[in-house]
Amino acid sequence: MKIIVAIDGFAASGKSTIAQDLAEKTGYTHIDSGAMYRAVTLFGMQKGLVTSSTSIDSKKLIELLPTINISFDRTPENYFTMLNGKNVEKEIRSLAVSNLTPHIAKIVEVRNFLTARLREMGKNKGVVMEGRDIGTVVFPDAKMKVFVTAPLNLSVERRLEELKQQGNPATYQSVEDDILERDKIDSAWTYPAKDAIRIENGAEPLSAIVQHLFSIFESLTAVP
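The structure reproduced in this document is the subject of the present report. (Residues numbered from 1 in each chain as written. Predicted model: local features only at pLDDT ≥ 70, side-chain atom pairs only at ≥ 80, totals over all residues. Heavy atoms only, no water.)

## A look at the environment of Gly 44
To keep things clear, this is the line we draw: By definition, any uninterrupted DSSP run of H or I lasting at least four residues is a helix, any uninterrupted run of E lasting at least two residues is a strand, and each is numbered from the N terminus. When accessible area is computed with a 1.4 Å probe and restricted to protein chains, residues below 20% of their type maximum are described as buried, those above 50% as exposed, and intermediate ones as partly exposed. Two residues form a contact once any of their heavy atoms are found within 4.5 Å.
By secondary structure assignment, the location of Gly 44 is in helix 2 (residues 33–46). A relative accessible area of 0% places Gly 44 in the buried class. Along the sequence, Gly 44 and Asp 57 sit 13 residues apart, while their C-alpha atoms lie 8.5 Å from each other. In contact with Gly 44, other than residues within four places in its own chain, are Leu 49, Val 50 and Leu 61.

Below, the structure is given as structure tokens:
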């Protein structure tokens, strides 16, 4: 029996790594909803519609939403986001995009547009989908829901290392400020579902967390 695994959490909580590892372990497809919001933000920046948090041409962006095609692809080594046929994984992980994405995510029409896309991607189940509101809004009936938290210092260190590996170096303070600002904005729609499994990332090794979740997954998908 295939199910939907919904993994939610705040910025740099480590939910992406957990989702990727669990998807690999289960053989399910990994879908990163946050990357889709980042891709819409990048699209707006490329079109000159998004230049700062206070300069967003939301009306024009909303008009152009139907022209945006976001998909995912991978090689044996990497998982990446495609925007209208182009690999934009590096671009969407930049601090510039990170800083603006929460402001784009506040636009109701953008959220509705991406929620519909995410539901389409998960209609046949067999997915591990991560984001902010997967278990509460996108798939409230998901069989398995997880909410990930992490101490701020670990989130900052994790994000710094990610940026470094992508060739986008940043300072500790700039990343901390970015995470705090994003969490403040995202708190409007980021919270655990009542039936979510709570995971504190950093309290135990990642491998143990993934194994714990995989054991729960097996119990939920076991055929009587």
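## Overview of the sheet that holds strand 7 (residues 86–87)
Filter applied, for reference: Two strands pair if DSSP finds at least two bridges between them.
Ordered by their spatial adjacency, three strands build an open sheet running 5-6-7, and the pairing between neighbours is antiparallel. Where the open sheet ends on each side, the last strands, each with one partner, are strand 5 (70–74) and strand 7. One ladder, built from two bridges, connects strand 6 (residues 79–83) with strand 7; its direction is antiparallel. Bridging across to strand 7, Leu 83 finds its partner in Lys 86.

## Remarks on the nonpolar core
Note the following rule: Residues grouped as a nonpolar core are buried Ala, Val, Leu, Ile, Met, Phe, Trp, Tyr and Cys residues, joined through side-chain atoms within 4.5 Å.
Ranked by size, the top nonpolar core spans 37 residues in total, and within it Val 40 and Val 110 carry the most contacts. Of all the secondary-structure elements, those providing two or more residues to this core are strand 1 (4–9), helix 2, helix 3 (58–64), helix 5 (95–105), helix 6 (108–121), strand 8 (127–131) and helix 7 (134–138). In terms of residue count, the dominant contributor to this core is helix 2 (seven residues). Aside from chain neighbours lying at most four places away, what touches Val 110 is Tyr 37, Val 40, Leu 61, Leu 65 and Ile 104.

## Focus on the side chain of Ser 94
Looking at the element boundaries, Ser 94 is found in the loop between helix 4 (89–92) and helix 5. Those residues in contact with Ser 94, other than ones at most four positions away along the chain, are Arg 38, Arg 159 and Asn 168.

## Observations concerning the packing of aromatic side chains
Threshold: Pairing of aromatic rings covers Phe, Tyr and the six-membered ring of Trp, with a centre-to-centre limit of 6.5 Å; geometry is then stacked below 30 degrees between planes, edge-to-face above 60, and tilted otherwise. Comment: the charge-over-ring label is applied if NZ (Lys) or CZ (Arg) is within 6 Å of the ring centre and within 35 degrees of the ring normal.
Enumeration over the complete set of coordinates arrives at four aromatic pairs. Where Phe 10 meets Phe 147, the ring centres are 6.3 Å apart and the plane angle is 90 degrees; that geometry is what we call edge-to-face. With Phe 10 in the loop between strand 1 and helix 1 (15–26) and Phe 147 in strand 9 (residues 144–149), this residue pair connects regions lying 137 residues apart in the sequence. Accessibility expressed as a relative area gives 23% for Phe 10, which makes it partly exposed. Taken together through their ring pairs, the aromatic side chains of Tyr 28, Phe 214 and Phe 217 make up a single cluster. We note Lys 25 situated over the ring of Phe 214; from NZ or CZ to the ring centre the distance is 5.1 Å.

## Concerning helix 2
The criterion, for reference: Every helix has an expected span of 1.5 Å times one less than the residues it contains. Contacts described as polar in this section are N or O atom pairs within 3.5 Å, which, within protein, must combine one atom able to donate a hydrogen with one able to accept it, while residues neighboring in sequence count only if both atoms come from side chains.
Over its 14 residues, helix 2 extends 20 Å from the first C-alpha to the last, a length consistent with the 20 Å expected when each residue adds 1.5 Å. Counting buried residues along helix 2, eleven of its 14 residues qualify, which places the element largely inside the surrounding structure. Among all positions in helix 2, only Ser 33, Ala 35, Met 36, Tyr 37, Arg 38, Ala 39, Val 40, Thr 41, Leu 42, Phe 43 and Gly 44 are buried. Taking the backbone nitrogen of Gly 34 as reference, a side-chain oxygen 3.0 Å away marks Asp 32 as the first, capping residue of helix 2. One or two positions beyond helix 2, positive phi appears at Gly 48, with a value near 75 degrees.

## Things to note about the pattern of salt bridges
Quick note on the threshold: The salt bridge criterion pairs a side-chain nitrogen of Lys or Arg with a carboxyl oxygen of Asp or Glu, the two atoms within 4 Å.
Summed over all chains, the structure comprises nine salt bridges. A salt bridge links Lys 60 to Glu 63; the nearest nitrogen and oxygen atoms lie 3.8 Å apart. On the criterion of helical spacing, the pair formed by Lys 60 and Glu 63 is a turn pair, its members being three residues apart in helix 3. For Lys 60, a relative accessible area of 36% translates into the label partly exposed. The partly exposed category is assigned to Glu 63, whose relative accessible area is 47%. Residue Arg 132 is joined to Asp 186 by a salt bridge in which the shortest nitrogen-to-oxygen separation is 2.9 Å. With Arg 132 in the loop between strand 8 and helix 7 and Asp 186 in helix 9 (residues 172–186), this pair connects stretches of sequence that are 54 residues apart.

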